[in-house]
Amino acid sequence: MSNQTSAKERLLAQARLDYQPDLVAVDAEAIARLPVRADRFSHATTGLSEKPAGQTHQAAAAYSIALNSINFMFWTPTPEGMARYDWNGAGGADGLTAALDHVWGAQPAPDRLREVLGSGEEKTVIDAFGDISMPRRRAHFLREVLRDDQLEQAAAELVAAGDTGRLTSDDAERLAKRFPVAYGQDTYLMRAQLAVMWYAGYLIDQGTEIDCDVIVAANYQMPRVMRSIKVLRYSPELAAKIDRHTLIVRHSVEERAIRAATVLSTQAMAQHLGVSEHAMVNVLWKNRLACGNVPHHLTITTDY
């Protein structure tokens with residue numbers, strides 16, 4: 001038996017290390033009160049099969065990797081708090097997807113994406129995506145992902161992993177090692193795991209049975225949802241900072257505490273409800289708009 005730990009085990013160990021219940025605590029009693037309705041859960045499907053990019057497994061994997069390499073921070077700090085990203089009436093991640101679809105075009109291969117954005121110039125990102133935060137960082141990430149045939153190689157690796165019937169955090173870690181600038185700087189590999197989860201969703205759309213064993217909850221919307229249903233309890237001081245739209249510094253004890261508690265509570269909820277973490281993340285994401293005016297924390301980051 002191998003003593004080597006999996007990427008998921010290492011990520012969970014990091015969460016336990018970062019967990020600070022005096023700042024953000026997982027409420028086990030609130031989780032235990034959640035009604036067990038596993039039949040209402042489904043794994044995230046993404047609509048990749050409906051896109052030109054989703055005509056083949058290889059193209060869907062490439063699209064997921066390219067999109068999630070720049071899938072972060074859809075707001076810009078302002079004196080009043082923040083301005084949200086919008087592209088032709090679509091906001092946030094939906095706006096990014098719409099803009100990327102426009103650039104990608106009708107061909108399944110990423111040729112046009114590479115032609116338009118492969119230079120890694122800030123201006124090309126602004127021209128393609130409009131008034132989006134951190135255009136220079138997004139340009140750098142795309143330059144790495146679109147260099148030579150690296151995207152096609154990474155997509156082939158993801159397809160091969162999916163062909164085994166199982167996708168895991170190990171596949172996300174492999175993606176982060178291939179693209180250390182675009183994907184490898186986040187302790188929790190949030191976007192790399194999201195790329196894996198989106199491809200798993202594509203396979204599910206195609207009728208393929210796939211075991212997707214990842215953790216992808218360490219962003220800004222998930223803790224907001226969990227706070228609204230009392231699964232996460234914030235200290236009064238940290239809650240007040242978030243409510244005032246005070247910036248939470250990246251990699252600070254506070255930010256790590258938020259992300260760690262989110263990862264651990266997602267796992268605990270999934271176990272209680274008898275569903276996968278993939279499905280748990282999906283239902284939390286789908287319910288993010290039902291949280292009313294509960295704010296999310298503001299951290300200037302490329303991690304999420």
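Since this is a predicted model, take the numbers as computed values, not measurements.

**Looking at the pairing of strand β2 (residues 75–78)**
Sheet analysis places β2 next to strand β3 (residues 81–84), joined by four bridges and oriented antiparallel. Across the sheet, residue Pro-77 finds its bridge partner in β3, namely Met-82. In textbook terms, the turn of a hairpin is the stretch between consecutive antiparallel strands, and for β2 and β3 this stretch comprises two residues.

**A closer look at the nonpolar core**
Inside soluble globular proteins, nonpolar side chains tend to come together where they are buried. In this structure, Val-24, Ile-65, Leu-117, Phe-129, Leu-167, Tyr-183 and Tyr-199 are the most contacted members of the largest nonpolar core, which totals 100 residues. The element that contributes the greatest number of residues to this core is helix α10 (residues 190–205), accounting for eleven residues. Two domains each put at least three residues into this core: domain 1 (7–41 + 215–291) and domain 2 (48–213). Setting aside residues no more than four positions away along its own chain, Phe-129 makes contact with Ile-70, Tyr-85, Trp-87, Leu-96, Ala-99, Leu-100, Leu-117 and Leu-142.

**Overview of the domain arrangement of the protein chain**
Interfaces are often sized by the amount of accessible area the parts lose when they come together. Here the protein chain is described as being made up of domain 1 (7–41 + 215–291) and domain 2 (48–213). Inter-centroid distance (C-alpha atoms) of domain 1 to domain 2 is 24 Å. With both sides pooled, the region where domain 1 packs onto domain 2 buries about 1,900 Å², and carbon together with sulfur makes up 60% of that total. Along the contact surface separating domain 1 from domain 2 lie three salt bridges. Here Asp-213 and Lys-8 are joined by a salt bridge, their closest N and O atoms 2.5 Å apart. At the junction of domain 1 and domain 2, the tally comes to six residue pairs in polar contact (both at pLDDT 80 or more). Residue assignment for the side of domain 1 that touches domain 2 shows that the elements contributing at least two residues are α1 (7–18), α13 (253–273) and α14 (277–286). When residues in the side of domain 1 that touches domain 2 are grouped by element, the largest group, seven residues, is from α1. For the side of domain 1 that touches domain 2, the per-class residue count stands at eleven nonpolar, three polar and seven charged.

What counts, and at which threshold
- Residues numbered from 1 in each chain as written.
- Predicted model: local features only at pLDDT ≥ 70, side-chain atom pairs only at ≥ 80, totals over all residues.
- Heavy atoms only, no water.
- Pairing = 2+ DSSP bridges.
- Helix = DSSP H or I, 4+ residues; strand = E, 2+ residues; numbered from the N terminus.
- Core = buried A, V, L, I, M, F, W, Y, C linked by side-chain atoms within 4.5 Å.
- Buried < 20%, exposed > 50% of the residue type's maximum accessible area, 1.4 Å probe, protein only.
- Domains from an automatic or database assignment.
- Contact = heavy atoms within 4.5 Å.
- Buried area = accessible area lost by both parts, 1.4 Å probe.
- Salt bridge = Lys/Arg side-chain N within 4 Å of Asp/Glu carboxyl O.
- Polar contact = N/O pair within 3.5 Å; in protein donor to acceptor, adjacent residues only side chain to side chain.
- Nonpolar A, V, L, I, M, F, W, Y, C, P; charged D, E, K, R; others polar.

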